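# Fold and contact review
Given next are the chains, with one letter for each unit.
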Amino acid sequence: MRKAIIEKIKNEIESLNGEVNITELGVVSSVGDGVAVVDGLNTAQMMEMVIFSPDAGVLLQDLLNSDKALYGLVLNLEEDSVKIMILGNTVSVYEGMRVYRTNKLLSVSVSEEMLGRVVDPLGVVIDGKGKVTGKKDMLIERVAYGVMDRSSVNEPIHTGIKAIDSMIPIGRGQRELIIGDRQTGKTTVAIDTIINQKYEPKEKRPLCIYVAIGQKRSKTASLVAKLKEAGAMEYTIVVATSASDPSPLLFLAPFTGVAIGEYFMEQGKDVLVVFDDLSKHANAYRQMSLLLRRPPGREAYPGDIFYLHSRLLERSAKLSKELGGGSITALPIIETQEGDVSAYIPTNVISITDGQIFLETDLFNKGIRPALNVGISVSRVGSAAQTKAMKKVAGKIRLELAQFRELEAFMQFASDLDEDTRIRLESGRRYVELLKQPQNNPMPFYKQVVSIYAANNGMYKNVPVASVRQIEDEFLAFIERDRNDIYEDIESGRELFDEVLEKLNQAIEDFKNTLNVDNKF
Ligand code: ATP
Ligand code: MG
């Protein structure tokens, strides 16, 4: 009899074959400031999602299927407890509450349906226009592609801003920082870049993801309206967080942005991601780390803030042909205080990116908008990707402006100038005027080439500085109306061949005659 029982137990044990699935359960031991300390989740992983169960009778399965489940994120693994950031309403978490492991690292469910929508960092749509069904779960934190999976940047992404596309070209897969004080037009540069993508042929058009980190809700709403009006929302996804959201959501937002981007990049598509802005992101991470009682470092930021941002920006990539050749171009934004670029977070992000676009309050107030300081703005890899046509015309403008800056500094001391200096200054002034551009008015790349070529060939020589932009408008309209084949040539061939140049020179000549510049001014 005894033997039979033992035999039976033995059989039972053997039949288990290790497939027992015990859901791990923890209990909240204390809660405050959006952080729950939980006992019992000994094997929980970093960045794992956990789920808070409102009462003991509810099954995990029901919770997972419910819309209203309250999630938490495991962030500190300590000796006998874990610290969990509550992703939602903290008030409903109480001591003694049950917490289930989900065995899932935090991820966002992505699909094409997200295009044109506004989502939160967990991928839930928040624009009130109905659900989207996700196709693939993308990990929010994951290791970036390695060296062998990448290829070098070789295709341009056009911002539609003359000063940037000509002198600080950006390539697909590059990380270009937009940096400047508050209210210098940083967001505008990023938004104009998104709007400009509508001029790209559809099959090559990058999808855009705008990540708002701790922005005012009203600002994000007007931005979405602007994109819609410009017809840019159909290829754009907005990941929105506001200043009143809990800090872990702000911390997650840019990671969600790239995770969504990776979904498209893996299909061989090009993606543009804007992080607006990483200063606020650093502040959110600092707040979160202090609440988790991690030790503070320089400027009270946690010691791993550099690692945080490099982990994020390394995920921007140009994939090799074997992997489909997709790319993620990143435009992180940083806000400086009083133009101080040597503060902790700005220097960090400058050293992680492939170049930076400096915007300055002084220039902005002088009316030079976009307030780009072309002297210190750089793009370290983009010139390899610049189109040949643009390369051809951009050399001269760069040189002229550099000489102009030099002379301008001199001019403050010397009153009478020699002829040569005067001509250089006059020419420089006209280039500065030409590079001014109203907001939300990006110019397709082929128009830029024509405009700069005309300037290089003396179009504005006898034109008063104040009229430069008007003449430019008229000239471009003239080309569009009468010589549209020039635009087509540049757009399709993307190169300035001799015959195109001939046509262009002729057009400049003809246009000048219609103007009769010398008499008019
Ligand atoms: P914040 O620090 O508040 O985020 P920001 O640096 O992102 O500001 P924007 O919001 O882009 O700056 O622009 C600031 C103001 O300057 C806005 O009112 C915008 O309309 C104006 N502005 C930006 N670019 C231009 C431009 N090229 N021409 C004219 N006005 C512009
Ligand atoms: Mg802004």
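Below, the structure is looked at part by part. Computed from a predicted structure; not experimentally measured.

## Here's the deal with the nonpolar core
One finds Ile 194, Phe 275, Phe 475 and Ile 490 to be the most contacted residues of the largest nonpolar core, which totals 131 residues. Ranked by the residues each element gives to this core, the list is headed by helix α6 (residues 247–265), at 12 residues. Each residue touching Phe 275, except ones within four places of it in the same chain, is listed here: Val 211, Ile 213, Pro 254, Val 258, Leu 312, Leu 313, Ala 330, Leu 331, Pro 332 and Ile 333. Within the second largest apolar cluster, 15 residues are counted, among which are Ala 44, Val 93, Met 97 and Val 99.

## Let's talk about the packing of aromatic side chains
Within this structure, the stated rule accounts for 7 aromatic pairs. Here Phe 478 and Phe 511 contribute two aromatic rings whose centre-to-centre distance is 5.5 Å and whose plane-to-plane angle is 40°, an arrangement assigned as tilted. Of the two residues, Phe 478 sits in helix α14 (residues 468–482) while Phe 511 sits in helix α16 (residues 498–515), which places them 33 residues apart along the sequence. Residue Phe 478 is classed as buried on the basis of its relative accessible area, which comes to 6%. Among the aromatic residues, those joined into a ring-pair cluster are Phe 251, Phe 255 and Tyr 285. Lying over the aromatic face of Tyr 301, Arg 286 brings its terminal NZ or CZ to 4.2 Å of the ring centre. For Arg 311, the ring lying beneath its charged end belongs to Tyr 307, and the centroid distance is 4.6 Å.

## Here we look at the site of ligand 1
Taken together, 15 residues form the shell around ligand 1, and within it Gln 183, Lys 186, Thr 187, Thr 188 and Gln 439 come nearest. With respect to ligand 1, the side chain of Gln 183 contributes an N or O atom lying 2.8 Å from an oxygen atom. The side chain of Lys 186 places a nitrogen or oxygen atom 2.7 Å from an oxygen atom of ligand 1. Counting residues per element, the shell around ligand 1 draws most heavily on helix α4 (residues 186–196), at 3 residues. Of the residues that constitute the shell around ligand 1, the class distribution is 3 nonpolar, 7 polar and 5 charged.

## Brief notes about the sheet that holds strand β6 (residues 98–105)
Reading around the circumference, β1-β2-β5-β4-β3-β6 is the order of the 6 strands in this closed barrel, with antiparallel pairing throughout. On average, each strand axis in the sheet is inclined to that of its neighbour by 45°, with strand direction left out of account. Both strand β4 (residues 70–77) and strand β5 (residues 82–87) contribute to a ladder of 6 bridges, which runs antiparallel. Each residue of the ladder has a partner; that of Val 74, found in β5, is Ile 84. Strand contacts of α6: β4 and β5, with the helix running at about 85° to β5, the strand carrying the most contacts.

## Remarks on the side chain of Ser 377
Locating Ser 377 in the fold gives a position in the loop between α10 (361–366) and β18 (378–379). In terms of polar contacts, Ser 377 uses its side chain to reach the backbone amide nitrogen of Phe 358, at 2.9 Å. For Ser 377, the side chain forms a polar contact with the main-chain oxygen of Asn 373, separated by 2.7 Å. Contacts of Ser 377, omitting those with residues within four sequence positions, involve Ile 168, Gln 356, Ile 357, Phe 358 and Leu 372.

## Details of the packing of helix α12 (residues 419–434) against α14
Here α12 crosses α14 at 60°, and the two axes come no closer than 9 Å. Both α12 and α14 take part in a crossing whose hand is right-handed. Counted together, Arg 430, Glu 433 and Leu 434 of α12 and Val 468, Arg 469 and Glu 472 of α14 form the full contact between these two elements. For the contact of α12 with α14, the per-class residue count stands at 2 nonpolar, no polar and 4 charged.

Conventions we followed
- Residues numbered from 1 in each chain as written.
- Chains lettered and ligands numbered in written order.
- Predicted model: local features only at pLDDT ≥ 70, side-chain atom pairs only at ≥ 80, totals over all residues.
- Heavy atoms only, no water.
- Core = buried A, V, L, I, M, F, W, Y, C linked by side-chain atoms within 4.5 Å.
- Buried < 20%, exposed > 50% of the residue type's maximum accessible area, 1.4 Å probe, protein only.
- Helix = DSSP H or I, 4+ residues; strand = E, 2+ residues; numbered from the N terminus.
- Contact = heavy atoms within 4.5 Å.
- Phe/Tyr/Trp six-rings, centres within 6.5 Å; stacked < 30°, edge-to-face > 60°.
- Lys NZ or Arg CZ within 6 Å of the ring centre and 35° of its normal.
- Near = heavy atom within 4 Å.
- Polar contact = N/O pair within 3.5 Å; in protein donor to acceptor, adjacent residues only side chain to side chain.
- Nonpolar A, V, L, I, M, F, W, Y, C, P; charged D, E, K, R; others polar.
- Pairing = 2+ DSSP bridges.
- Axes fitted to C-alpha atoms, helices over the stretch in contact; angles between N-to-C directions.
- Left-handed = near helix turned anticlockwise from the far one by under 90°.

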